[in-house]
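One letter stands for each residue in the lines below.
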Amino acid sequence: METEKTEQQSPIHLCVQTHREIITEQDVQFSPPRPSSSGGTMFQMMSTPCPESPWTLSPLTTPSPSLLYHCIASLHRHEGNIYAIAASKGLVFTGSNSSRIRVWKQPDCMDKGYLKASSGEVRALLAYSNMLFSTHKDHKIRIWNFTVSEHFKSKKVGTLPRKNSVLLLFPKAKNTMKHKDSVSCMAYYHSEGLLYTGSHDRTVKAWRVSDRKCVDSFVAHEDNINAILVNQDDGCLFTCSSDGSVKIWRRVYTEDSHTLTMTLKFQPSPVNALALSSSFNHCFLYSGSSDGMINFWEKERLCYRFNHGGFLQGHRFAVLCLATVGNMIFSGSEDTTIRVWRREEGSCYHECLTVLDGHRGPVRCLAASLEMEKVVMGFLVYSASLDQTFKVWRIKVLADEKMCLDYTDQCESRVKIREYDMSPVLSPSWVEKKLQGSHFQ
């Protein structure tokens, strides 16, 4: 039988850098001025809001709104990598090689304890309300309930697939509902209480959380499934794979089965990440691939069809993770950087607002949340890298009522990109892993 528990106090395995230490190490710097790809003019170096301020003012040309960003916490893990991040109810959860899922308080990353499972290598985390889902080395999914108070409390309430009487009597019997390889991604359909899991065994499984029953299982791709998400408005399911394709599935409600409605295969490069962005009756799907491109599609209003709208170009190596909040898109890459993109409301035009370059290894996972302050729109971005660091960024976009893009400059390109001379500075350990060909394992 499994023995799993939640603890509130434990030895800390992460080194936390304070704000002052971060500033001392020049972790937050000005992005260098570079010519715009559309206008050819030089960005002007801007001064900080005040001499002693830790904030950085991004080098943006008018009429784009000003953007301030700052790394407010940087944590280093002594052993192993961080593979997953999830945020909910003012808490951040991180999963790694360890069997412990660390719990941190937003936004300053104060340690709140950890959840301990009987199996390690947490490859995916998903948080919704007071529930947390985690995937592990044993190819199982664990369901946790937690409460947010002065002291963090949680309890494991179930495991997928659940153990039945046959398996208890005959331990060597096969559980046909269990994934046969690593469970790499999850998505939760709120209104139906369905948890979708994607695996390197190329299958997608749908689980009804209320009774922990697998209601559907199907082969979705010809290679590893790397990301999965569900549209909360209509229940459409999106999957992407190392086979280079993005697929859209619809649920047949009378049969609890799923049918393929569209395949978006725009390049042969493996697709590593997906993100969905909806605002003002517009719905956009983003995919990040190993060629460094971020393709995007726009949904037609009166049907479920997605039309290719273009791509965001800027990363030098593979795009490994994506996150969206409203019309803001955050992308993490093998080139060690995080790019912040903004889509103009009501159109397909995008611009890269800034590049966050505090990591020294590939950015493996991202999470983002909205943080409003009067007229200033703020975001908290959580990033984890294969350099064994976990960082928290506070980003603020100043309101600009008279924003007006130069459409003349954008006739030749649907995407407005700011160029940064960001030659990646990779850690020696990462370079060794890259040469050995095991860089994402």
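Since the model is a prediction, treat every value here as computed from it, not as a measurement. (Residues numbered from 1 in each chain as written. Predicted model: local features only at pLDDT ≥ 70, side-chain atom pairs only at ≥ 80, totals over all residues. Heavy atoms only, no water.)

(A) Representation of the overall build of the chain within the structure. A count of helical and extended segments in the chain gives three helices and 32 strands. Scored against the burial criterion, the 441 residues of the chain give a buried share of 54%. (Helix = DSSP H or I, 4+ residues; strand = E, 2+ residues; numbered from the N terminus. Buried < 20%, exposed > 50% of the residue type's maximum accessible area, 1.4 Å probe, protein only.)

(B) Region of the structure containing unusual backbone geometry. Of the consecutive residues Gln106 and Pro107, the connecting peptide bond is found in the cis state with omega at -10 degrees. Here the bond from Leu160 into Pro161 is cis, since omega is -5 degrees, no more than 30 degrees from zero. Look at Arg202: it is not a glycine, yet its phi comes out positive at around 75 degrees. The backbone of Arg212 sits at a positive phi, close to 55 degrees, despite the residue not being glycine. Since its relative accessible area comes to 27%, Arg212 is described here as partly exposed.

(C) Structural view of the side chain of Arg394. Mapped onto the fold, Arg394 is located in strand S31 (residues 389-398). Polar side-chain contacts of Arg394 include one of 3.0 Å to the side chain of Glu371. (Polar contact = N/O pair within 3.5 Å; in protein donor to acceptor, adjacent residues only side chain to side chain.)

(D) Spatial organisation of the nonpolar core. With 19 residues, the main nonpolar core has Phe330, Val340, Leu366 and Ile395 as its most contacted residues. Elements that contribute at least two residues to this core include exactly strand S4 (67-77), strand S25 (319-325), strand S26 (328-333), strand S27 (338-343), strand S28 (350-356), strand S29 (363-373), strand S30 (376-385) and S31. Not counting residues up to four positions away in its chain, the partners in contact with Leu366 are Cys321, Ala323, Phe330, Ser331, Gly332, Ile338, Val381, Tyr382 and Ser383. Residues Ala227, Leu229, Cys283 and Trp297 belong to the second largest nonpolar core, which totals 16 residues. (Core = buried A, V, L, I, M, F, W, Y, C linked by side-chain atoms within 4.5 Å. Contact = heavy atoms within 4.5 Å.)

(E) How the structure looks around the pattern of salt bridges. Enumeration over the complete set of coordinates arrives at seven salt bridges. Across the salt bridge formed by Glu371 and Arg394, the nearest N and O atoms sit 3.0 Å from each other. Of this pair, Glu371 sits in strand S29 while Arg394 sits in strand S31; the two residues are 23 residues apart in sequence, bridging distant segments of the chain. Overall, the relative accessible area of 18% leaves Glu371 in the buried class. (Salt bridge = Lys/Arg side-chain N within 4 Å of Asp/Glu carboxyl O.)

(F) Representation of the sheet that holds strand S13 (residues 183-189) in the model. Taken together, four strands build an open sheet; the order of strands is S13-S14-S15-S16 and the sheet is antiparallel. The sheet is open, and its two edges are formed by S13 and strand S16 (213-219), each paired on a single side. Pairs of neighbouring strands in the sheet enclose a mean axial angle of 20 degrees, with direction left out of account. One ladder, built from six bridges, connects S13 with strand S14 (residues 194-199); its direction is antiparallel. In the sheet register, Ala187 faces S14, and the bridge partner there is Tyr196. (Pairing = 2+ DSSP bridges. Axes fitted to C-alpha atoms, helices over the stretch in contact; angles between N-to-C directions.)

(G) The arrangement of the pairing of S25 in detail. Burial analysis of S25 places six of its seven residues in the buried class, the great majority of the element. Note: S25 against S26, six bridges, orientation antiparallel. Counted as the bridge partner of Val319 is Ser333 from S26. Between the antiparallel neighbours S25 and S26 lie two residues, among them Gly326 with a positive phi of about 65 degrees.

(H) Inspection of the environment of Lys116 at higher detail. The topology assignment puts Lys116 in strand S8 (residues 110-116). In this structure Lys116 comes out as partly exposed when scored by relative accessible area, which is 25%. When the C-alpha positions of Lys116 and Arg100 are compared, they lie 4.5 Å apart, and in sequence the two are 16 residues distant. A polar side-chain atom of Lys116 sits 3.2 Å from a polar atom in the side chain of Ser99.

(I) The sheet that holds strand S21 (residues 271-279), seen in detail. The four strands lie next to each other as S21-S22-S23-S24, forming an open sheet whose pairing is antiparallel. Among the strands making up the open sheet, the edge pair consists of S21 and strand S24 (306-312). Direction aside, the axes of adjacent strands within the sheet are offset by 25 degrees on average. Summarising the sheet, strand S22 (residues 282-289) and strand S23 (residues 294-299) pair through five bridges and their orientation is antiparallel. Counted as the bridge partner of Tyr286 is Phe296 from S23.

(J) Layout of the packing of aromatic side chains. On inspection of all chains with the given rule, the structure shows 12 aromatic pairs. Ring centres 4.7 Å apart and planes at 50 degrees place the aromatic pair Phe218 and Trp249 in the tilted group. One end of the pair, Phe218, is in strand S16; the other, Trp249, is in strand S19 (residues 246-252), with 31 residues separating them in the sequence. Per residue, the accessibility class of Phe218 equals that of Trp249, and both read buried. Seen from their ring centres, Tyr286 and Phe296 are 6.0 Å apart, and the 40 degrees between their planes marks the pair as tilted. Of the two residues, Tyr286 sits in strand S22 while Phe296 sits in strand S23, which places them 10 residues apart along the sequence. An identical accessibility class is assigned to Tyr286 and Phe296; each is buried. The rings of Phe93, Phe146 and Phe152 are connected pair by pair, giving a single aromatic cluster. The lysine or arginine in question, Arg123, covers the ring of Tyr83, its NZ or CZ lying 4.0 Å from the ring centre. (Phe/Tyr/Trp six-rings, centres within 6.5 Å; stacked < 30°, edge-to-face > 60°. Lys NZ or Arg CZ within 6 Å of the ring centre and 35° of its normal.)

(K) Main features of the confidence of the model for the chain. With 72% of its residues at a pLDDT of 70 or more, the chain has an overall mean of 78. Scored below 50 in pLDDT, residues 6-65 shows 143 contacts in the model against residues more than four places distant or in partner chains. (pLDDT = per-residue confidence, 0-100.)

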